[in-house]
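Chain by chain, the residues:
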Amino acid sequence: MSRLARPTNGRVIGGVCAALARRFGTSATTMRVIFVVSCLLPGPQFLLYLALWLLLPSEEKAARTAW
């Protein structure tokens, strides 16, 4: 599993689905479909996406702060 950071390439909106897909070894399209389907269920999925967008570092930021 790779480090959880929003990639600079392959983003559609914030890069959260692409980051999660890279972390868990699936395609970004699969992760996006899972997210859209999960939004049809009751729960705070959209708020979780926004929180991850704000909290996950971008790849270029993560590379600059890495030792």
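Predicted, not measured: the structure shown is a model, and the values here were computed from it.

Quick look at the overall build of the protein
Part 1 of the argument: Looking only at helices and strands, the protein features four helices and zero strands.
Part 2 of the argument: Moving toward the C terminus, one meets the helices and strands of the protein in the order α-α-α-α.
Part 3 of the argument: Expressed as a percentage of its 67 residues, the buried residues of the protein come to 27%.
Part 4 of the argument: Taking as baseline every contact in the protein between residues at least 6 positions apart, the subset at least 24 positions apart corresponds to 45%.
Part 5 of the argument: Here the protein has roughly 4900 Å² of accessible surface; of this, 69% comes from carbon and sulfur atoms.

A short note on a nonpolar patch on the surface
Part 1 of the argument: Among the surface-exposed residues, Val12, Ile13, Phe46, Leu47, Leu50 and Trp53 lie close enough to one another that they form a single nonpolar patch of about 620 Å² accessible area.
Part 2 of the argument: Locating Phe46 in the fold gives a position in helix H3 (residues 45–55).

Focus: the UniProt feature "transmembrane region" (unreviewed entry) in the protein
Part 1 of the argument: When the UniProt feature table is mapped onto this chain, "transmembrane region" (unreviewed entry) is found at residues 33–56.
Part 2 of the argument: As annotated, residues 33–56 has a helix share of 75% and a strand share of 0%, and its two end C-alpha atoms lie 20 Å apart.

What about the packing of helix H2 (residues 28–39) against H3?
Part 1 of the argument: Remark: H2 packs on H3, axes separated minimally by 9 Å, with the N-to-C direction vectors making an angle of 135°. Taken together, the axes of H2 and H3 lie oblique to each other. Here H2 contributes Phe35, Ser38 and Cys39 to the contact with H3, which in turn contributes Gln45, Phe46 and Tyr49.
Part 2 of the argument: In terms of residue class, the contact of H2 with H3 is built from four nonpolar, two polar and no charged.

Remarks on the pattern of salt bridges
Part 1 of the argument: Summed over the entire model, instances satisfying the criterion amount to one salt bridge.
Part 2 of the argument: Between Glu59 and Arg22 there is a salt bridge, with its nearest N and O atoms 2.2 Å apart. You can see Glu59 sitting in helix H4 (residues 59–65) and its partner Arg22 sitting in helix H1 (residues 16–24), a full 37 residues away along the chain.
Part 3 of the argument: With relative accessibility at 27%, the residue Glu59 sits in the partly exposed group.
Part 4 of the argument: Take Arg22: its relative accessible area is 41%, and that puts it in the partly exposed class.

Rules used in this analysis
Every chain is numbered independently, its residues counted from 1 as its sequence is written. Where totals are concerned, whole chains, interfaces and linings use all residues; where local detail is concerned, this predicted model gives features only for residues with pLDDT of at least 70, and gives and counts side-chain atom pairs only at 80 or more. To get the side-chain values, take all heavy atoms of the structure and skip hydrogens and water. Secondary structure elements follow DSSP: runs of H or I of four or more residues count as helices, runs of E of two or more count as strands, with numbering from the N terminus. Remark: exposure states derive from per-residue accessible area (1.4 Å probe, protein chains only) relative to the maximum for the residue type, with buried under 20%, exposed over 50%, and partly exposed in between. Throughout, a contact is declared for two residues whenever any of their heavy atoms are within 4.5 Å. Shrake-Rupley sampling with a 1.4 Å probe provides the accessible areas, and residues are treated as covered by the protein chains on show and by no other component. By definition, no residue in a patch forms a salt bridge, and every one has over 30% relative accessible area; like charges are joined within 9 Å, nonpolar side chains (Val, Leu, Ile, Met, Phe, Trp, Tyr) within 5 Å. Throughout this description, the term salt bridge denotes a Lys or Arg side-chain nitrogen within 4 Å of a carboxyl oxygen of Asp or Glu. UniProt positions are given in the numbering used here, feature names are shortened, and annotations may be inferred rather than shown by experiment. Note on method: axes are straight lines fitted to C-alpha atoms, helices fitted across the in-contact stretch only, with angles between N-to-C directions ranging 0 to 180 degrees. Working definition: roughly parallel below 35 degrees, roughly antiparallel above 145 degrees, roughly perpendicular at 65 to 115 degrees, and oblique for all remaining angles. Ten residue types, Ala, Val, Leu, Ile, Met, Phe, Trp, Tyr, Cys and Pro, are classed as nonpolar, four, Asp, Glu, Lys and Arg, as charged, and the remainder, Gly among them, as polar.

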